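Observations on the model geometry
The primary structure of each chain is shown beneath.
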2 protein chains.
Amino acid sequence: MRILVIEDETKVGCFIKRALEEESYAVDLCEDGAKGLEMALATDYDSIIVDLMLPTLSGLDIVKSIRRERIQIPILILTAQSQVDQRVKGLDAGADDYLTKPFAIDELLARVRALLRRGTTDSPGVLQIDDLILNPATREVTRGGQRIELTLKEYALLEYLMRHSGRVLTRPMISEHVWNQDFDTFTNVIDVYVNYLRNKIDRGRTKKLIHTIRGSGYMLKAD
Amino acid sequence: MRILVIEDETKVGCFIKRALEEESYAVDLCEDGAKGLEMALATDYDSIIVDLMLPTLSGLDIVKSIRRERIQIPILILTAQSQVDQRVKGLDAGADDYLTKPFAIDELLARVRALLRRGTTDSPGVLQIDDLILNPATREVTRGGQRIELTLKEYALLEYLMRHSGRVLTRPMISEHVWNQDFDTFTNVIDVYVNYLRNKIDRGRTKKLIHTIRGSGYMLKAD
DNA sequence: GTCTTCGATGACCAGGATCCGCATGGCGGT
DNA sequence: ACCGCCATGCGGATCCTGGTCATCGAAGAC
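Residues numbered from 1 in each chain as written. Chains lettered and ligands numbered in written order. Predicted model: local features only at pLDDT ≥ 70, side-chain atom pairs only at ≥ 80, totals over all residues. Heavy atoms only, no water.

Focus: the overall build of chain A
Broken down by element type, chain A carries 8 helices and 12 strands. A globule of 223 residues ought to have a C-alpha radius of gyration of about 17 Å, and chain A, at 18 Å, matches this closely. For the C-alpha atoms alone, the extent of chain A along its principal axes is close to 60 × 35 × 30 Å. Here chain A holds 223 residues, and 50% of them are scored as buried. Summarising the internal contacts of chain A: among those between residues at least 6 apart in sequence, 59% fall at separations of at least 24. (Helix = DSSP H or I, 4+ residues; strand = E, 2+ residues; numbered from the N terminus. Rg over C-alpha atoms; globule rule 2.2 N^0.38 Å. Buried < 20%, exposed > 50% of the residue type's maximum accessible area, 1.4 Å probe, protein only. Contact = heavy atoms within 4.5 Å.)

What follows is the structure, encoded as structure tokens:
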């Protein structure tokens, strides 16, 4: 899950970025409005968090522009307490949720989780393929009831595969959602990580869940 | 269940009132300290939520006055992030729990539920993980019956870890709850304090309670 | 229709670079 | 002196790289 954060206060931005990254999201941070909009339109983010008060281009305009392009991804806006009336406009412009600064980081994380859940499928929170279960809230993964320990990247990759199981996921799609902007296209990191996951998830089991679609990419499914 | 909320910020107060009412509590809201105390003494509430910073009479004084009357109902205090030290005084004065503003409303509801449960089934107000016991009322910590001396910060950190045991706590979460808002993100104070705690709690014991979740944060649990 | 060949693609491995967390010593303020 | 905080170096986990080897599938030969 890749998230764009548009926030001009460096400290706040870094704080949010770090918190999200420790929750295993891929995060791009942008401190400028116009640049942020550009990035938002160029990349297929899973969610966008945008401050309303920004240099060069207001958060409100960013939201409007995104929606004008018929991009449906969940947007969360951040407003200062003084601009209470602004957030109504923000929601009208097409934002999905708002948070008033200062906010508790827990709450931001909870909101983002809720937005992403709502966005993909209207599922009950936990993801399940066959006997493989992933709980995004606790980041706990089990197969056949047995706990599986994953590193941050491994987890991020698995979550992406599970959220889009049954569909073929190409390498560009995977890199776009699991890694952030400084990803090098000309490597085989993705294959390597798929291999790591196979070792932890499919190794030694009769029923394989991770399938290779030769010439296209990978797919996670029970068959 | 009837709850009294003493909070002078109209917006926050209304928000809390509404949330509690949606949980089917009966709620009285009061924006003034002296008036609030009067109400607290006049009516038999099941719980009281009180902001520390109030006009006419501070939250601290309210708590003291209520306890002086030997009224045992659970009291939850709300403190601004800047008054981290105040909440210690609040707990000393007889409050049962605290919450730092800004907080997630879900957390407030959870705390209230816990307080009310505690009140009825007289389960002890102490926190316990394995043989590690923390008593918020007396700020006393023991492991295996043996007393452990902690500094203010160490205690604050441990209490936070214990209140959220079994869950991964990221550094941003910890810094937000245990330190105040002008926390410098680019230091390793948190690691240092976790280390201090380890020395006092886990050092020399087979069963470790403080676990590192590499890339994410820390977790307190018995496993 | 079957077999063979061969280029392309992916699996897997080993090692290196990098980042993260731990421990410790030191500094300033109370 | 104690507490809270900061800075640094070290060791190890994690992430990535570059390579070799296995596998697949298309195309051509028989």
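Thoughts on the pairing of strand 7 (residues 132-135) of chain A
All names here are of chain A. Residues Leu132 and Leu134 of strand 7 are buried on one face, while the alternating residues Ile133 and Asn135, pointing to the opposite face, are not. For strand 6 (residues 127-129) and strand 7, the ladder comprises 3 bridges, and the chain directions are antiparallel. Looking across to strand 7, one finds that Ile129 is bridged to Leu132. The hairpin formed by strand 6 and strand 7 contains 2 residues between the paired strands, and Asp130 there has a positive phi angle of roughly 55°. Hairpin geometry of strand 7 and strand 8 (residues 140-143) is characterised by an intervening segment of 4 residues between the two adjacent antiparallel strands and by a positive phi of about 60° at Arg139. (Pairing = 2+ DSSP bridges.)

A word on the domain arrangement of chain A
Residues and elements named next belong to chain A. Along its sequence, chain A is organised into domain 1 (2-120) and domain 2 (127-220). Between the C-alpha centres of domain 1 and domain 2 there is a distance of 27 Å. Listed as interface residues are 15 residues of domain 1 and, on the opposing side, 15 residues of domain 2. Broken down residue by residue, the surface that domain 1 buries against domain 2 is led by Arg2, Ser24 and Asp44, which jointly contribute 36%. Residues Arg139 and Glu23 are paired through a salt bridge, measuring 3.9 Å at the closest nitrogen-oxygen approach. Mapped by element, the contributors of at least two residues to the side of domain 1 that touches domain 2 are helix 1 (10-22), strand 2 (26-30) and helix 5 (105-120). Across the side of domain 1 that touches domain 2, the residue classes break down as 4 nonpolar, 3 polar and 8 charged. (Domains from an automatic or database assignment. Buried area = accessible area lost by both parts, 1.4 Å probe. Salt bridge = Lys/Arg side-chain N within 4 Å of Asp/Glu carboxyl O. Nonpolar A, V, L, I, M, F, W, Y, C, P; charged D, E, K, R; others polar.)

Quick look at the environment of Arg113 of chain B
Residues and elements named next belong to chain B. In this fold, Arg113 is placed in helix 5 (residues 105-120). Separated by 15 residues in the primary sequence, Arg113 and Tyr98 have C-alpha atoms spaced 13 Å apart. Once you skip the residues sitting within four places of it in the chain, Arg113 turns out to touch Glu23, Tyr25 and Asp106.

Focus on the nonpolar core
Inside soluble globular proteins, nonpolar side chains tend to come together where they are buried. Among the nonpolar cores identified, the biggest contains 78 residues, and Leu20, Ile49, Leu108, Leu158 and Ile174 of chain A together with Leu158 and Ile174 of chain B are the most heavily contacted of them. When near neighbours in sequence (up to four residues on either side) are disregarded, Leu158 of chain B contacts Leu132, Leu134, Val141, Leu150, Leu197 and Ile201 of chain B. In terms of nonpolar packing, the next biggest core, distinct from the first, is built from 21 residues, Cys30, Ala40, Val50 and Leu60 of chain B among them. (Core = buried A, V, L, I, M, F, W, Y, C linked by side-chain atoms within 4.5 Å.)

Overview of the protein's contact with DNA strand C
Close to DNA strand C lie 20 residues; Asn195 and Tyr218 of chain A together with Asn195, Thr212 and Tyr218 of chain B are nearest. In the interface set of DNA strand C, defined as its atoms within 4 Å of the protein, sugar plus phosphate atoms amount to 73%. Note that a phosphate oxygen of DNA strand C is positioned 2.2 Å from one of the side-chain N or O atoms of Asn195 of chain B. (Near = heavy atom within 4 Å. Polar contact = N/O pair within 3.5 Å; in protein donor to acceptor, adjacent residues only side chain to side chain.)

Section: the interface of chain A and chain B
At the interface, 18 residues of chain A touch 20 residues of chain B. Buried area between chain A and chain B, summed over both chains or domains, comes out near 1700 Å², and the portion from carbon and sulfur atoms is 53%. Taken together, chain A and chain B are joined by 1 salt bridge. A salt bridge links Arg171 of chain B to Glu22 of chain A; the nearest nitrogen and oxygen atoms lie 3.7 Å apart. The interface formed by chain A and chain B contains 5 residue pairs in polar contact (both at pLDDT 80 or more). For the side of chain A that touches chain B, the secondary structure elements donating two or more residues are helix 1 and helix 5 of chain A. A total of 6 residues in the side of chain A that touches chain B trace back to one element, the largest contributor, which is helix 1 of chain A. Taken together, the residues of the side of chain A that touches chain B break down into 10 nonpolar, 1 polar and 7 charged.

A few points about the protein's contact with DNA strand D
Inspection of the region around DNA strand D gives 23 residues, with Thr151 and Tyr193 of chain A together with Thr151, Tyr193 and Tyr196 of chain B positioned closest. Counting only the atoms of DNA strand D that lie within 4 Å of the protein, the sugar and phosphate share comes to 65%. A distance of 3.3 Å is found between a phosphate oxygen of DNA strand D and a side-chain nitrogen or oxygen belonging to Thr187 of chain B. For DNA strand D, a base oxygen lies 3.1 Å from a polar atom in the side chain of Asn188 of chain B. Residue assignment for the surface near DNA strand D shows that the elements contributing at least two residues are helix 6 (152-163) and helix 8 (189-201) of chain A together with helix 6 (152-163) and helix 8 (189-201) of chain B.

Things to note about empty space enclosed by the protein
Residue and element names in this part refer to chain B. In the structure shown here, the tally under the stated rule is 2 cavities of 30 Å³ or more. In this structure, the largest cavity spans a volume of roughly 160 Å³. In this structure, the largest cavity is lined by 17 residues; those nearest its centre are Leu99, Thr100, Glu107, Arg111 and His177. Mapped by element, the contributors of at least two residues to the lining of the largest cavity are strand 5 (97-101), helix 5, helix 6 and helix 7 (171-178). When residues of the lining of the largest cavity are assigned to their parent elements, the largest contribution, 4 residues, is made by strand 5. (1 Å grid on protein atoms, 1.4 Å probe; cavity = no way out; pocket = protein on both sides within 12 Å on 5 of 7 lines; lining within 4 Å. Points joined across faces, edges and corners; volume = space filled by probe spheres on them.)

Overview of the environment of Val189 of chain A
All names here are of chain A. As for its placement among the helices and strands, Val189 is situated in helix 8. For Val189 and Thr170, which are 19 residues apart along the polypeptide, the C-alpha to C-alpha distance reads 13 Å. In this structure, Val189 is in contact with Trp179 and Phe183, ignoring residues within four places of it in sequence.

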